[in-house]
Amino acid sequence: MSEDAQERRGTPGLRFRLGTIPVAMPWSGLLGIGIIAWLWSDSFASGATGAGSALVLSLVFAVLFYVTILGHELAHAWVARAAGYPVHSITLWVLGGYTSYERRTQSAAREGLIAAAGPATSILIGLGCAAVARTVGEGPVAAVAAALAWTNVLLGIYNALPGLPLDGGAVLKSVVWGITSDERRATVVAAWAGRVVAV
């Protein structure tokens, strides 16, 4: 079955392409936008002129937050392509995403770089949003930019924690893999580190 046919028969939801990369957002991801908007509506209430205005700001924030998650996943995809790995798709779901690529060679360094690209990009996006918030000063644009700033920095730091299934766990796996030349052992170490991080 061709990749396009698999896309058509996949999980229903929003589908589009960024260049040659198929992006899928199942209905659970779209539901996530609504959940985030609802959870954040109180945070925007103080700077809004009413409950309706706060809800609009929180909805704008939720949509843009998913755009930044897409940016995080695109970083994985671009580094994977630079490493010579074909990228098959990006999937966005509730509060997260996943980049599917085909590993063509056994390389701990390439895997580590691909994994590290996501958290680094989230932090850079957060710093960029903080700069926008400072430049604008006050008002709804500044409020949304400030919220995007700290959520992306927090997302980047959290995702960099050294334990699978987080990106930081994949980096840890790559480091151990590079030192021991044993991918299986590295996976076990990173998986146990993930349990410690979860606790």
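Bear in mind the structure is a predicted one, so any value in this text is a computation, not a measurement.

Reading guide: rules and limits
- Residues numbered from 1 in each chain as written.
- Predicted model: local features only at pLDDT ≥ 70, side-chain atom pairs only at ≥ 80, totals over all residues.
- Heavy atoms only, no water.
- Helix = DSSP H or I, 4+ residues; strand = E, 2+ residues; numbered from the N terminus.
- Expected span 1.5 Å × (residues − 1).
- Buried < 20%, exposed > 50% of the residue type's maximum accessible area, 1.4 Å probe, protein only.
- Core = buried A, V, L, I, M, F, W, Y, C linked by side-chain atoms within 4.5 Å.
- Contact = heavy atoms within 4.5 Å.
- Patch = residues over 30% accessible without salt bridge, like charges linked within 9 Å, V, L, I, M, F, W, Y side chains within 5 Å.
- Areas by Shrake-Rupley, 256 points an atom, 1.4 Å probe, with all protein chains shown as cover.
- Salt bridge = Lys/Arg side-chain N within 4 Å of Asp/Glu carboxyl O.
- Pairing = 2+ DSSP bridges.
- Axes fitted to C-alpha atoms, helices over the stretch in contact; angles between N-to-C directions.
- Left-handed = near helix turned anticlockwise from the far one by under 90°.
- Nonpolar A, V, L, I, M, F, W, Y, C, P; charged D, E, K, R; others polar.
- Parallel < 35°, antiparallel > 145°, perpendicular 65-115°, else oblique.
- Phe/Tyr/Trp six-rings, centres within 6.5 Å; stacked < 30°, edge-to-face > 60°.

## Looking at helix 6 (residues 167-180)
One full turn of an α-helix is made of 3.6 residues, so residues set three or four places apart face in the same direction. Here helix 6 spans 20 Å end to end across 14 residues, near enough to the 20 Å set by a 1.5 Å rise per residue. What helix 6 keeps buried is the set D167, G168, G169, K173, S174, V176 and W177. Taken from the residues just after helix 6, S181 is the one with a positive phi, measuring 60°.

## Some remarks on the nonpolar core
Core analysis: the largest hydrophobic core is formed by 30 residues, its most contacted members being I36, F44, F61, I90 and L92. Taken together, the elements giving at least two residues each to this core come down to strand 2 (21-26), helix 2 (27-40), helix 3 (51-82), strand 3 (87-93), helix 4 (108-136) and helix 5 (140-159). When residues in this core are grouped by element, the largest group, 11 residues, is from helix 3. Sequence-distant contacts of F61, defined by excluding residues within four places in its chain, comprise I36, W40, F44, V144, A147, L148 and T151.

## As for a nonpolar patch on the surface
Judged by side-chain polarity, V56, L59, V60, V63, L64 and V67 come together as a nonpolar surface patch covering roughly 460 Å² of accessible area. Mapped onto the elements, V60 comes out in helix 3. Accessibility expressed as a relative area gives 38% for V60, which makes it partly exposed.

## Comments concerning the sheet that holds strand 4 (residues 96-101)
The sheet built from 4 strands is open, its strands ordered 1-2-3-4 with mixed pairing. The sheet is open, and its two borders are formed by strand 1 (13-18) and strand 4, each paired with just one other strand. Direction aside, neighbouring strands of the sheet carry axes that sit 15° apart on average. Bridge count between strand 2 and strand 3: 2 bridges; the pairing is parallel. When the bridges of strand 3 are listed, V23 appears paired with I90.

## Points about the packing of helix 6 against helix 7 (residues 183-198)
Between helix 6 and helix 7, the least distance of the axes is 8 Å, while the angle of their chain directions is 145°. Like other packed secondary-structure pairs, helix 6 and helix 7 cross with a definite hand, here right-handed. In this structure, helix 6 uses G169, L172, K173, V176, W177 and T180 to contact helix 7, whose residues at the interface are E183, R185, A186, T187, V189, A190 and A193. Considered class by class, the residues forming the contact of helix 6 with helix 7 number 7 nonpolar, 3 polar and 3 charged.

## Remarks on the pattern of salt bridges
Evaluated as defined, the whole model comprises 4 salt bridges. Notably, a salt bridge pairs E183 with R103, separated by 2.9 Å at the nearest N-O pair. With E183 in helix 7 and R103 in the loop between strand 4 and helix 4, this pair connects stretches of sequence that are 80 residues apart. A salt bridge links K173 to E183, with the shortest nitrogen-to-oxygen separation between them at 3.2 Å.

## Concerning the packing of helix 4 against helix 5
At a minimum axis distance of 7 Å, the contact between helix 4 and helix 5 shows a crossing angle of 160°. When the axis of helix 4 is compared with that of helix 5, the two are roughly antiparallel. As helix 4 runs across helix 5, the sense of the crossing is left-handed. Contacts from P119, S122, I123, I125, G126, L127, C129, A130, V132, A133 and V136 of helix 4 reach helix 5 at V141, A142, A145, A146, L148, A149, N152, V153, L155, G156, I157 and N159.

## Here we look at the packing of aromatic side chains
In this structure the tally under the stated criterion is 7 aromatic pairs. With a centroid separation of 6.1 Å and an interplanar angle of 40°, the aromatic rings of W40 and F44 are classed as tilted. By relative accessible area, W40 is classed as buried at 17%. Look at F44 and F61: their rings are 5.9 Å apart centre to centre, the planes differ by 55°, and that puts the pair in the tilted class.

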